[in-house]
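# Understanding the architecture of this molecule
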Protein chains: 2
Amino acid sequence: MKLSGFPEWLPAQRMVELSVLDTLREVFELSGFASIETRAVEPVSELLRKGETSKEIYLLRRLQEDPMAAAQDPKQLGLHFDLTVPFARYVLGNFSELPFPFRRYQIQKVWRGERPQDGRFREFTQADIDIVGDGQLAFHHEIEVALVMVEALSRLPIPRATLLVNNRKILQGVCEGVGVSDIEVALRNLDKLEKIGSSAVLEAMLAEGIEREGAEKLLDLAQISAADASFVPQVKALGIQNQTLDKGLEELAAVVDACNRVVPGSVRAQLSIARGLDYYTGTVYETVLEGHEDLGSICSGGRYDALASDGKRTFPGVGLSIGVSRLVSRLITQNLVTASRAVPSCVAIAVVDEASRAQSEEIARTLRSRNIPCEVVANAAKFGKQIRYAERRGIPYVWFPDSGEVKDIRSGNQVKADPSTWMPPKEDLEVQILSQN
Amino acid sequence: MKLSGFPEWLPAQRMVELSVLDTLREVFELSGFASIETRAVEPVSELLRKGETSKEIYLLRRLQEDPMAAAQDPKQLGLHFDLTVPFARYVLGNFSELPFPFRRYQIQKVWRGERPQDGRFREFTQADIDIVGDGQLAFHHEIEVALVMVEALSRLPIPRATLLVNNRKILQGVCEGVGVSDIEVALRNLDKLEKIGSSAVLEAMLAEGIEREGAEKLLDLAQISAADASFVPQVKALGIQNQTLDKGLEELAAVVDACNRVVPGSVRAQLSIARGLDYYTGTVYETVLEGHEDLGSICSGGRYDALASDGKRTFPGVGLSIGVSRLVSRLITQNLVTASRAVPSCVAIAVVDEASRAQSEEIARTLRSRNIPCEVVANAAKFGKQIRYAERRGIPYVWFPDSGEVKDIRSGNQVKADPSTWMPPKEDLEVQILSQN
């Protein structure tokens, strides 16, 4: 019944996921980001626009449609594989209605037909924030989005997360300065550094026609990493003169300094970060989780000078995307985070006998009117059985309508109580998300 | 760029939708329902299990997969067209981990390849609640789910909603009592009553082999409607003797009485309600919105004795499903409900000059730490321009870091304020959802 690559959670696990999603939404909204959702589908011509036919996307066909005719239709629909392509289309389609610079967050499922055995999901949730300008977008937003994600990650029940940042202008400036003309080849190879090591990357670059001197400089650059602006003199020591490089160093130092001034230790400059995608033009971000480096980056993105363009207008942007499912799956499957109960109910109202069920329901309604989640026990069995009904669900309190008492079934403590005034402690009222960190 | 049948909302419209979803979730959780999500896809063999090949479902194929081979694969995946089929599969796959009776809510997108010109969506959000038992499920849950939905609908910014209820045992008992052997034919035709009228339904039933006497009795039954248990003597007056009928009358009277005792006028017995689906066995529900009867039922469901079964175990259930997109689309497109602003921010922090942007950001951080959503203005333009930045977004307050004052830009009122103590009125803090009702 399970399908590999399509994760599903039990109710208590889903509570962990919901709590993560709620926290992200709260931070995004506090920072002024507006929610949008886009449809799950785009015409296949849009999805493959950047020529990325290597992406394993899912195409759609109506049951009654001819399979071959559908496959040849350029308007055939496919499921989106990220939230950036649909957001770009949304911005172009609605620009006259949006306030620029426009801050949006988007938390939705995406689908990729990749092999699930790599630990990758075929269906997963992403949480994206982007700030998009009309024609221009000030650099300070590259600091802003980093700080929003630092704040969001710091509130999650996860191990310490560090944003690793770089700037495409540095990579571009170094390439220009050392005479590497095909920057895309350089970036693509640098991106493999952590996976295959520097000597293999060197060989690959040489094989692709990059001169040895340039390739070695790029690898020297990629070794540089710092928790503060001390990377600047290290890069300068490589002896490359280039204005784009200088601009990149200035911007990267500004991002690292500003973030660490607000949240010390939250951001590192790591000059090996390349990001495969070709549309980044400024700051690029990845995020590692302490002790879970094997997960890869849990939050990535960057600055792009043209998120969207219709020929007349261009919309630059900067954004970051959290891979929520990958993160939550790790929290759940390694029991790093658990929920204090499997149901929202804080109280189970016992039922004396079926004839008096309405009395128990009345107590439940009173509690709910005061925002106390509760449920009435399903069967008027012996009270011992009704207490076990609560225990099985992790519900901490049982209310007895006959005696007008409420029992904390963990301590056994039982007291007289009035449903119109009784209030459980806050840590019992809401489901607690308990972290092992 | 727009695709017919795939609705998307602007940020302020999305706020209306989010507020509806938040309200539903709150009521469901207060009532003890646990959230689950299921994957968007099921094997096509599961989706077509009930032989409903007339459903226009979407099938999936990976880009690199051969179209004909995919079409012939019984394991081919399709997008779910409701949340009941996947929930039944989830219950069967996880029953040993679930606490029965299990209350779950599920708010997700579903997809149908129907013609969008009927005002139907191809992608839409449903919000479902179900209570499922292991082997048995007490009748009182049929009252419980109705009351949860009555509460949820009463909290939404919508016109008055009325639940119309019937009981399949009544329809079955009447059919048995008057000698109609093919109850499915009777139900299917009764379901068209509102659309085509009683004489056309009579003709259709006669054409399908139902005796005139039985058909006329069924139509007499379908005329009966009442806000209380007064329908019982009206049905009895039809003179049909049948135990299943009597049981159905008793249950329907219990639902109507119990709901109207708690929320007067919330529920009507309407004996024409048939619901097309063949798996209902007890109470069936539809919901009409006053003044928007053309929308059809916005919240429907019923009791089924076998939501799921694996041959050994059977899981009876009762549930209701709200068609959120259809409802929200009506609210938005007719301007019945609007949001007080297009962004979450309550305050825009002005920027004196770019050199002092950090000071404005510090004020923003202090406000956010006190749960006041805010954003720093993008450009250090003249204050008049910065006020218009806020105006365009509907942000009610502008904070001036130089004078340490905050201005209500609607009234022009400006006061000294400290970001660590200032608090806007509650109706400004959160986006208001304003109803025209």
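Structural notes, computed from the coordinates. (Residues numbered from 1 in each chain as written. Chains lettered and ligands numbered in written order. Predicted model: local features only at pLDDT ≥ 70, side-chain atom pairs only at ≥ 80, totals over all residues. Heavy atoms only, no water.)

Each helix and strand counted, chain A has 16 helices and 19 strands in total. Counting only C-alpha atoms, chain A reaches 85 × 60 × 45 Å along its principal axes. The buried share of chain A, reckoned over its 437 residues, is 57%. The contacts of chain A with a sequence gap of at least 6 include a subset with a gap of at least 24, amounting to 68%. Carbon and sulfur atoms form 47% of the exposed surface of chain A, whose accessible area is close to 17600 Å². Measuring between centres, the 51 positive side-chain charges of chain A sit 5 Å from its 60 negative side-chain charges. (Helix = DSSP H or I, 4+ residues; strand = E, 2+ residues; numbered from the N terminus. Buried < 20%, exposed > 50% of the residue type's maximum accessible area, 1.4 Å probe, protein only. Contact = heavy atoms within 4.5 Å. Areas by Shrake-Rupley, 256 points an atom, 1.4 Å probe, with all protein chains shown as cover. Lys, Arg positive; Asp, Glu negative; His and termini not counted. Charge placed at Lys NZ, Arg CZ, Asp CG, Glu CD.)

Looking along a regular strand, one sees the side chains alternate between the two faces of the sheet. Residue and element names in this part refer to chain B. Burial runs high along strand E10 (residues 280-289): eight of the ten residues are buried. Here strand E7 (residues 161-167) pairs with E10 via seven bridges, running antiparallel. When the sheet's bridge partners are listed, leucine 163 is paired in E10 with threonine 287. In this structure, E10 lies alongside strand E11 (residues 299-309), joined through three bridges in antiparallel fashion. Note that in E11 the partner of valine 284 across the bridge is glycine 302. (Pairing = 2+ DSSP bridges.)

Of the residues lining the interface, 89 residues belong to chain A; the matching set on chain B comes to 89 residues. For the pairing of chain A and chain B, the buried interface totals around 7600 Å² over both sides, and the portion due to carbon and sulfur atoms is 57%. Summed over the shared surface of chain A and chain B, the number is twelve salt bridges. In this structure, Arg103(A) engages Glu375(B) in a salt bridge whose closest nitrogen and oxygen atoms are separated by 2.8 Å. Across the contact surface, chain A and chain B share 38 residue pairs in polar contact (both at pLDDT 80 or more). (Buried area = accessible area lost by both parts, 1.4 Å probe. Salt bridge = Lys/Arg side-chain N within 4 Å of Asp/Glu carboxyl O. Polar contact = N/O pair within 3.5 Å; in protein donor to acceptor, adjacent residues only side chain to side chain.)

What follows concerns the relation of the copies chain A and chain B. You can overlay chain A on chain B at an RMSD of 0.1 Å; the transform is a turn of 180° with a shift of 0.0 Å along its axis. Accordingly, the operation relating the two chain copies is best matched by a two-fold axis. Of every C-alpha in chain A, the one belonging to Leu60(A) sits nearest the axis of rotation, 2.4 Å from it. (Least-squares fit on C-alpha atoms with pLDDT ≥ 70 in both.)

A few words on the pairing of strand E17 (residues 405-408) of chain A. All names here are of chain A. Side chains Val406 and Asp408 project from E17 onto a buried face, and the interleaved Glu405 and Lys407 project onto a face without burial. Note: strand E16 (residues 397-400) against E17, four bridges, orientation antiparallel. Looking across to E17, one finds that phenylalanine 400 is bridged to glutamate 405. Counting the residues between successive antiparallel strands, the hairpin from E16 to E17 contains four residues, one of them, glycine 404, with a positive phi of roughly 65°. Relative to strand E18 (residues 414-416), E17 is paired through three bridges, and the arrangement is antiparallel. In the strand pairing of E18, glutamate 405 is matched with lysine 416. The turn linking E17 back onto E18 is made up of five residues, and glycine 412 within it adopts a positive phi angle of 85°.

Residue and element names in this part refer to chain B. In total, this model carries 21 aromatic pairs over all chains according to the counting rule given. Taken together, a centroid distance of 5.9 Å and an interplanar angle of 45° make the contact between phenylalanine 95 and phenylalanine 315 tilted. Pair noted here: phenylalanine 95 is in the loop between helix H4 (84-94) and strand E5 (102-111) and phenylalanine 315 is in strand E12 (residues 314-323), with a separation of 220 residues, a long-range link. Note on tyrosine 397 and tryptophan 422: the rings are 5.1 Å apart at their centroids and 75° apart in plane angle, and the pair reads as edge-to-face. Taken as a pair, tyrosine 397 in strand E16 (residues 397-400) and tryptophan 422 in the loop between strand E18 (414-416) and helix H16 (426-429) lie far apart in primary sequence, 25 residues in all. (Phe/Tyr/Trp six-rings, centres within 6.5 Å; stacked < 30°, edge-to-face > 60°.)

Time to look at the sheet that holds strand E9 (residues 267-270) of chain B. Residue and element names in this part refer to chain B. Strand order in the open sheet made by the nine strands is E1-E5-E6-E12-E11-E10-E7-E9-E8, with mixed pairing throughout. Because the sheet does not close on itself, it has two edges, and the strands there are strand E1 (34-35) and strand E8 (225-226). Taken together, the eight bridges between E11 and E12 define a ladder with antiparallel strand orientation. When the bridges of E12 are listed, arginine 303 appears paired with valine 318. The strands touched by helix H13 (residues 324-333) within the sheet are strand E6 (123-132), E10 and E12, with E12 carrying the most contacts at an inclination of about 15°. (Axes fitted to C-alpha atoms, helices over the stretch in contact; angles between N-to-C directions.)

All names here are of chain A. Pairing in this open sheet of five strands is mixed, and the strands run E15-E14-E16-E17-E18 from one edge to the other. Two strands in the sheet have a free side with no partner beyond their single neighbour: strand E15 (374-376) and E18. The average undirected angle you get between the axes of adjacent strands in this sheet is 25°. The pairing of strand E14 (residues 347-349) with E15 spans three bridges and is classified as parallel.

Let's shift gears to the nonpolar core. Formed by 82 residues in total, the largest nonpolar core has its most connected members in Leu24(B), Phe28(B), Ile129(B), Phe231(B), Leu271(B) and Ile322(B). The element contributing the most residues to this core is helix H5 (residues 140-155) of chain B, with nine residues. Dropping the residues within four chain positions of it, Phe231(B) is found in contact with Ile224(B), Ala226(B), Leu249(B), Leu252(B), Ala253(B), Val256(B), Ala269(B) and Leu271(B). If you look at the next biggest cluster of nonpolar residues, it comprises 81 residues, including Phe28(A), Leu153(A), Ala226(A) and Leu238(A). (Core = buried A, V, L, I, M, F, W, Y, C linked by side-chain atoms within 4.5 Å.)

Turning next to a positive patch on the surface. On the surface, Lys382(A), Lys385(A), Arg388(A) and Arg392(A) cluster together into a positively charged patch. Secondary-structure assignment places Lys385(A) in helix H15 (residues 383-393). (Patch = residues over 30% accessible without salt bridge, like charges linked within 9 Å, V, L, I, M, F, W, Y side chains within 5 Å.)

The next thing to look at is the side chain of Glu251(A). Relative to the helices and strands, Glu251(A) resides in helix H12 (residues 243-262). The residues contacting Glu251(A), other than those within four sequence positions of it, are Phe139(A), Glu142(A), Asn167(A) and Lys169(A).

Right, let's talk about the packing of helix H7 (residues 183-190) of chain A against helix H9 (residues 198-207) of chain A for a bit. Residues and elements named next belong to chain A. At a closest axis distance of 9 Å, the pairing of H7 and H9 adopts a crossing angle of 160°. Relative to H9, the element H7 lies roughly antiparallel. In the packing of H7 onto H9, the handedness of the crossing is right-handed. Contacts between H7 and H9 involve Ala186, Asn189 and Leu190 on the former and, on the latter, Val201, Ala204 and Met205. (Parallel < 35°, antiparallel > 145°, perpendicular 65-115°, else oblique. Left-handed = near helix turned anticlockwise from the far one by under 90°.)

What follows covers the pattern of salt bridges. It is possible for side chains of opposite charge to pair when their charged atoms get near one another. One pass over the full model with this rule turns up 63 salt bridges over all chains. Glu65(A) is paired through a salt bridge with Arg62(A); the nearest N and O atoms lie 3.9 Å apart. Accessibility expressed as a relative area gives 25% for Glu65(A), which makes it partly exposed. Taking the shortest distance from any N to any O, the salt bridge between Arg212(A) and Glu216(A) comes out at 3.5 Å. Residue Arg212(A) and its partner Glu216(A) are located together in helix H10 (residues 212-222), separated by four residues, close to a single helical turn. Assessed through its relative accessible area of 34%, Glu216(A) is described here as partly exposed. Residues joined by salt bridges that share partners form a network here, namely Glu8(A), Arg39(B), Glu42(B) and Arg89(B).

All names here are of chain A. In contact at an axis separation of 10 Å, helix H1 (residues 11-30) and helix H13 (residues 324-333) are set at 135° when each is read in the N-to-C sense. With respect to H13, the axis of H1 lies oblique. Note on packing geometry: the crossing formed by H1 with H13 is right-handed. Facing H1, whose interface residues are Gln13, Val16, Glu17, Val20, Leu21 and Leu24, H13 presents Val324, Val328, Leu331 and Ile332. Taken together, the residues of the contact of H1 with H13 break down into eight nonpolar, one polar and one charged. (Nonpolar A, V, L, I, M, F, W, Y, C, P; charged D, E, K, R; others polar.)

This is a description of form; function is not addressed.
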